[in-house]
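Working through the structure, step by step
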Amino acid sequence: FNDIMEGGSNQDATWSIRLRRYGPGEESVNADGTKRSTKQARYGKNVRSPLTDERNAIFAMKDMVELFHGRVNLSKPDCKIYLFDGLKSATVDDSIKCLARAIGKGPKVSIYAPKTRICVTTTPLCPIAAFTLCNVAQLRPHFTVLDPFAGSCASLLAAAHIATNSAQPKKSQGGTVSIEVAHNGLVNRDDIVRDFETRSLDPPLEAIHGDCMLYETRKRARQAIGHNSFDCIVTDPPYGIREKFSDVSEDDGSSLPPLTQLFYAMGKDRAMGEPLLKVGGRLVAFIPVRKGETLEECLPELQAREEAGLVMEGEGREQVLNDILSRWLVSFVCVS
């Protein structure tokens with residue numbers, strides 16, 4: 001915040017502090033010794049936090065905000081500052097407070113919210129997570145993008161939004177391909193196409209009904225982009241490790257987590273000279289981590305990564321889903 005303090009490059013910038021509150025209230029103990037959580041109002045983008053709470057937050061930080069040189073502007077400030085309260089981490093018992101500054105504004109993702117979609121599934125990926133997958137993959141408009149566990153194609157809606165082509169892209173100019181093992185009774189491909197078209201987005205070059213663990217399915221995906229490798233892969237794999245996605249027996253590896261199975265399958269393609277992902281391309285995925293586990297324990301095993309030619313970059317980022325489950329956003333780069 002040095003730039004908005006006296007002598008800074010933006011010392012005359014107006015500013016505001018807004019409170020965003022998440023999570024339950026504090027726990028209390030009943031007369032019988034059982035615990036209960038007191039209900040706490042939540043404030044986010046669509047529900048403005050009370051001015052009293054925001055004033056209290058500002059007063060608690062008065063030593064810092066007194067250094068701000070500009071005036072307060074609650075309607076259209078030059079510098080938007082947010083205090084996030086009630087954030088949780090699987091590794092920290094107490095709630096976390098975070099002070100953040102808005103430095104950019106992304107697309108209006110509410111138009112991709114599950115409740116606005118024609119294709120409705122039981123566990124849709126939220127649009128913010130979908131755009132995050134694409135951003136971490138460093139997706140560009142001309143990229144070819146694959147989601148091998150596509151579901152209702154939330155990730156590919158985000159990719160198409162980023163591409164924003166006015167006409168159906170030629171196969172040499174990019175495009176998206178989806179693979180989903182569920183039949184049309186669960187994931188209707190026609191509804192998926194309508195979700196794209198009603199938003200003036202290019203639909204997938206092909207929405208494949210098949211198992212991404214099978215060679216013929218992956219070959220069909222490559223055929224959709226001219227028998228080439230994809231520029232990036234973005235996906236949110238199924239979290240239930242007991243789910244079966246291939247016709248092979250458990251001795252052949254079908255008991256492994258879906259992402260690990262995919263890595264081994266990509267390794268076979270690579271060994272045949274038909275890589276699913278280009279060298280330098282990224283595979284970005286969410287990896288489920290249960291309470292008591294570490295991310296390292298839940299990553300695809302080293303042998304699978306080496307066979308697929310994938311190297312993890314960075315440390316990953318955690319999103320807590322509930323008291324016993326988190327998901328980590330992890331990026332892998334394809335090497336020669």
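Residues numbered from 1 in each chain as written. Predicted model: local features only at pLDDT ≥ 70, side-chain atom pairs only at ≥ 80, totals over all residues. Heavy atoms only, no water.

**Observations regarding the overall build of the protein**
Counting its secondary structure elements, the protein contains 9 helices and 12 strands. Taking all 336 residues of the protein together, the buried fraction comes to 45%. Within the protein, residue pairs in contact and separated by at least 24 positions form 69% of the contacts whose partners lie at least 6 positions apart. Total accessible area on the protein is roughly 18,800 Å²; 51% of this is exposed by carbon and sulfur atoms. (Helix = DSSP H or I, 4+ residues; strand = E, 2+ residues; numbered from the N terminus. Buried < 20%, exposed > 50% of the residue type's maximum accessible area, 1.4 Å probe, protein only. Contact = heavy atoms within 4.5 Å. Areas by Shrake-Rupley, 256 points an atom, 1.4 Å probe, with all protein chains shown as cover.)

**A closer look at helix 5 (residues 189-197)**
Every buried residue of helix 5 is accounted for by R189, D191, I192, D195 and F196. Take helix 5 and look down its axis: the buried residues cluster within an arc of 160°, on one side only. Structurally, the start of helix 5 carries an N-cap: the backbone nitrogen of D190 is 2.9 Å from a side-chain oxygen of N188. (Arc of directions from axis to C-beta. Polar contact = N/O pair within 3.5 Å; in protein donor to acceptor, adjacent residues only side chain to side chain.)

**Describing the pattern of salt bridges**
The tally for this structure, following the rule as stated, stands at 15 salt bridges. One salt bridge in this structure joins E206 and R220, with 2.6 Å as the shortest N-O distance. Note that E206 is positioned in strand 8 (residues 206-209) and R220 in helix 6 (residues 215-223), a separation of 14 residues in sequence. The partner of R305 in a salt bridge is E296, with the nearest N and O atoms 3.9 Å apart. Residue classification places R305 among the buried residues on the basis of a relative accessible area of 13%. (Salt bridge = Lys/Arg side-chain N within 4 Å of Asp/Glu carboxyl O.)

**What to know about the packing of helix 3 (residues 127-136) against helix 4 (residues 154-163)**
Running from amino to carboxyl end, helix 3 crosses helix 4 at an angle of 60°, the nearest separation of the two axes being 8 Å. As judged from the angle between their axes, helix 3 and helix 4 are oblique. In terms of crossing hand, the pair formed by helix 3 and helix 4 is right-handed. Across the interface between the two elements, A130, F131, L133, C134 and N135 from helix 3 touch A154, S155, A158, A159, H161 and I162 from helix 4. A breakdown of the residues in the contact of helix 3 with helix 4 according to their chemical character gives 8 nonpolar, 3 polar and no charged. (Axes fitted to C-alpha atoms, helices over the stretch in contact; angles between N-to-C directions. Parallel < 35°, antiparallel > 145°, perpendicular 65-115°, else oblique. Left-handed = near helix turned anticlockwise from the far one by under 90°. Nonpolar A, V, L, I, M, F, W, Y, C, P; charged D, E, K, R; others polar.)

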